[in-house]
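Structural description and commentary
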4 protein chains.
Amino acid sequence: MIETACDIEIQWGDCDPAGIVFFPNYFAWFDRATWQMFARAGLAIDGLLRDKRCDALPLTHAEADFFAPCRPGDVLHLTSRVDTIESRRIHIAHEARRGDVVVLKGRETRAWVVAAPERPSGLRGADIPADIVARLSAAPTRPR
Amino acid sequence: MIETACDIEIQWGDCDPAGIVFFPNYFAWFDRATWQMFARAGLAIDGLLRDKRCDALPLTHAEADFFAPCRPGDVLHLTSRVDTIESRRIHIAHEARRGDVVVLKGRETRAWVVAAPERPSGLRGADIPADIVARLSAAPTRPR
Amino acid sequence: MIETACDIEIQWGDCDPAGIVFFPNYFAWFDRATWQMFARAGLAIDGLLRDKRCDALPLTHAEADFFAPCRPGDVLHLTSRVDTIESRRIHIAHEARRGDVVVLKGRETRAWVVAAPERPSGLRGADIPADIVARLSAAPTRPR
Amino acid sequence: MIETACDIEIQWGDCDPAGIVFFPNYFAWFDRATWQMFARAGLAIDGLLRDKRCDALPLTHAEADFFAPCRPGDVLHLTSRVDTIESRRIHIAHEARRGDVVVLKGRETRAWVVAAPERPSGLRGADIPADIVARLSAAPTRPR
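The text that follows walks through the structure, step by step, so that each part is easy to find. Model, not experiment: these values are computed from the prediction.

Analysis parameters
Residues numbered from 1 in each chain as written. Chains lettered and ligands numbered in written order. Predicted model: local features only at pLDDT ≥ 70, side-chain atom pairs only at ≥ 80, totals over all residues. Heavy atoms only, no water. Helix = DSSP H or I, 4+ residues; strand = E, 2+ residues; numbered from the N terminus. Rg over C-alpha atoms; globule rule 2.2 N^0.38 Å. Buried < 20%, exposed > 50% of the residue type's maximum accessible area, 1.4 Å probe, protein only. Contact = heavy atoms within 4.5 Å. Areas by Shrake-Rupley, 256 points an atom, 1.4 Å probe, with all protein chains shown as cover. Pairing = 2+ DSSP bridges. Axes fitted to C-alpha atoms, helices over the stretch in contact; angles between N-to-C directions. Least-squares fit on C-alpha atoms with pLDDT ≥ 70 in both. Salt bridge = Lys/Arg side-chain N within 4 Å of Asp/Glu carboxyl O. Buried area = accessible area lost by both parts, 1.4 Å probe. Polar contact = N/O pair within 3.5 Å; in protein donor to acceptor, adjacent residues only side chain to side chain. Nonpolar A, V, L, I, M, F, W, Y, C, P; charged D, E, K, R; others polar.

Turning next to the overall build of chain A. When helices and strands are counted, chain A shows three helices and seven strands. In chain A, the succession of α and β elements from N to C terminus is β-α-α-β-β-β-β-β-β-α. The C-alpha radius of gyration computed for chain A amounts to 16 Å, which stays within 12% of the reference 15 Å derived for 144 residues, consistent with globular compactness. Based on the C-alpha atoms only, the size of chain A along its principal axes is roughly 45 × 35 × 25 Å. Taken over 144 residues, chain A has a buried fraction of 54%. A separation threshold of at least 6 residues defines the contact pool for chain A, and within that pool the share at least 24 residues apart is 67%. Summed over its atoms, the accessible surface of chain A is roughly 6,100 Å², and 48% of this surface lies on carbon and sulfur atoms.

Structure follows, in structure tokens:
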């Protein structure tokens, strides 16, 4: 399965009055990491949408365990990987370190969905195309 | 245990290019709901900090299951409650409905921490004071 | 010209380590207020886009003067109004009070744009339709 | 006066349902650039606060002119510089390019403030110390 890594420098505006990261931001960084991983597999989200491969990759589940607070100026090394692929779901795992310390671990599940104008949600689940599965199942690459 | 509820109207800026809520925002709304619940128990966060009862209430875990996408203009009815209280941890459950449809469920765990200048993190876990436990254990109130 | 007003309760997560509102959030509240004003004029953004009246209402200018810091729990009363309408631009003015104190004033200019697939930006400016101008020029209403 | 530059890659979650950057994010990037510039002058915000040089650097004014919409995957080259320094105010200018195209220009004014527990705001304006002025007035450096 593919893997990726990126560095996140904690900004002043990412933190709350206790001086530590306002936790929803960690999920935004998970999202950034997931799209970066897809892009490196040749599956940039804007291309996926433009080519009508899918119409969104909404989350069905997201979670994180937080082991240490992070503050402005901290640099997190966030590694992300595709964990498992089901017929219509992709499971992704994230782990962030600050130096040698694991500060958080996260998991997310995304659904492959296509446009369904007849439905109230406008979307319906669909099988992940075989070529997409193949790209996401490729040997790990850890650029940067 | 105490309970609370609030209405969240989804804003244009809460949504991503797929036209649905960018999921980290749901966690920000959980945070809002948790503080509102604490405030209604007489435990407004700014007061807790000013009175040195605690120095932060950082999350040790957060998760959500998403059942339906939400779009600008949708109004979510978010109900939140203290689920269980451990000696140093508070578990909170959230559920959001749009009309009759449950669109997501969430859970979070928060640690009671006080200042610990001698530690790298500046914080250390502490037992939740009995009067705080009593307030959070009060009979449910669901104003609004 | 139409006017509107809404109350914004400052959340913990809206504030930075200095304990005051992280200023980009004020602009997000301006955006919320503008869409609320449009909606009350019968011009909800999702309807405008769905009916292909326009394809976006991007800002060409935004500014704010900040007179006093705001903190978690503060309630801002934000009044907004259409100031002037040019052939392709709408100027909007915002003012926020906390009790009797004006805490900030803002201004924004939005361009009426339609899809232009032939352009790199995908968008081009267009004249604001007369019925839209009429709705935005209506006598002030200040619900809520 | 000092200058700095950084690259901002537009993320999926930075954009709205029109597929373009939700404009308050530009102001968050201005904030990031300002702190980076201060840090490179030896004035990292956390150090300034910890050493009680100031207690916040709140904005008194912020504005931006937007010339072109930006989309996920765009990389903005943001250059920032201290423009002028008054006794209690610092004026900063920002400019973002995407390739050769200037996509936005911004300006912000920040006030030097120290703790004033006797005041409702908790803060009062103060003269910027001479050594701080000297550091911010140094010859331009444009690392990265």
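From this point, the narrative continues.
This part takes up the sheet that holds strand 2 (residues 59–66) of chain D. Sheet strands associate in pairs through backbone hydrogen bonding, adopting either a parallel or an antiparallel arrangement. Read across the sheet, 10 strands follow the order 1(C)-3(C)-4(C)-5(C)-2(C)-2(D)-5(D)-4(D)-3(D)-1(D) without closing on themselves; strand pairing throughout is antiparallel. What marks the edges here is a single partner per strand, and that holds for strand 1 (3–9) of chain C together with strand 1 (3–9) of chain D. Each adjacent strand pair in this sheet contributes to an overall mean axis angle of 15°, direction not counted. With seven bridges joining them, strand 2 (residues 59–66) of chain C and strand 5 (residues 101–111) of chain C adopt antiparallel strand pairing. Considered in strand 5 of chain C, the bridge of Phe66(C) is made with Leu104(C). Strands in contact with helix 1 (residues 24–40) of chain C are strand 1, strand 2, strand 3 (75–85), strand 4 (89–98) and strand 5 of chain C together with strand 2 of chain D; relative to strand 1 of chain C, the strand with the most contacts, it is inclined by about 140°. Relative to the sheet, helix 1 (residues 24–40) of chain D contacts strand 2 of chain C together with strand 1, strand 2, strand 3 (75–85), strand 4 (89–98) and strand 5 (101–111) of chain D, its axis offset from that of strand 1 of chain D by approximately 140°.

Now for the relation of the copies chain A and chain C. Superposition of chain A onto chain C requires a rotation of 180° combined with a translation of 0.0 Å along the rotation axis, giving an RMSD of 0.0 Å. Taken together, the rotation and translation describe the operation of a two-fold axis.

If you walk through the whole model with that rule in mind, you get 40 salt bridges over all chains. Linking Asp131(B) and Arg53(B) is a salt bridge whose minimum nitrogen-to-oxygen distance equals 2.7 Å. Of this pair, Asp131(B) sits in helix 3 (residues 130–136) while Arg53(B) sits in the loop between helix 2 (45–50) and strand 2 (59–66), and the two are 78 residues apart along the sequence. The closest approach of N and O atoms between Arg110(C) and Asp31(C), which form a salt bridge, is 2.6 Å. Pair noted here: Arg110(C) is in strand 5 and Asp31(C) is in helix 1, with a separation of 79 residues, a long-range link.

For the pair chain A and chain B, the superposition axis carries a translation of 0.0 Å, the fit reaches an RMSD of 0.0 Å, and the rotation angle comes to 180°. Interface overlap between copies is the fraction of interface residues in one copy that are interface residues in the other; for chain A against chain B it reaches 100%, indicating a shared surface.

If you walk across this open sheet you meet the 10 strands as 1(A)-3(A)-4(A)-5(A)-2(A)-2(B)-5(B)-4(B)-3(B)-1(B), and the pairing is antiparallel. With one partner strand each, in any of the chains shown, strand 1 (3–9) of chain A together with strand 1 (3–9) of chain B form the two edges of the open sheet. When the angles between neighbouring strand axes are averaged without regard to direction, this sheet yields 15°. Bridging between strand 3 (residues 75–85) of chain A and strand 4 (residues 89–98) of chain A involves eight bridges; their strand directions are antiparallel. Bridge pairing links Val82(A) to Ile92(A) in strand 4 of chain A. Contacts from helix 1 (residues 24–40) of chain A reach strand 1, strand 2 (59–66), strand 3, strand 4 and strand 5 (101–111) of chain A together with strand 2 of chain B, with the element oriented near 140° to strand 1 of chain A.

In this section: the interface of chain A and chain C. Between chain A and chain C, the residue contacts involve nine residues of the former and nine residues of the latter. Summing both partners gives a buried area of about 750 Å² for chain A against chain C, and 75% of it is carried by carbon and sulfur. Taken together, the connections running from chain A to chain C amount to zero salt bridges. Here chain A and chain C share two residue pairs in polar contact (both at pLDDT 80 or more) between them. Tallied by class, the residues present in the side of chain A that touches chain C amount to six nonpolar, two polar and one charged.

So, about the interface of chain A and chain B. Taken together, the 25 residues of chain A in the interface contact 25 residues of chain B. With both chains or domains summed, chain A and chain B bury close to 2,000 Å², and 68% of this area falls on carbon and sulfur atoms. Where chain A packs against chain B, one counts zero salt bridges. Among the elements of the structure, helix 1 and strand 2 of chain A are those that each provide at least two residues to the side of chain A that touches chain B. Element by element, the count of residues in the side of chain A that touches chain B is highest for strand 2 of chain A, at eight residues. A class-by-class count of the residues in the side of chain A that touches chain B yields 15 nonpolar, four polar and six charged.

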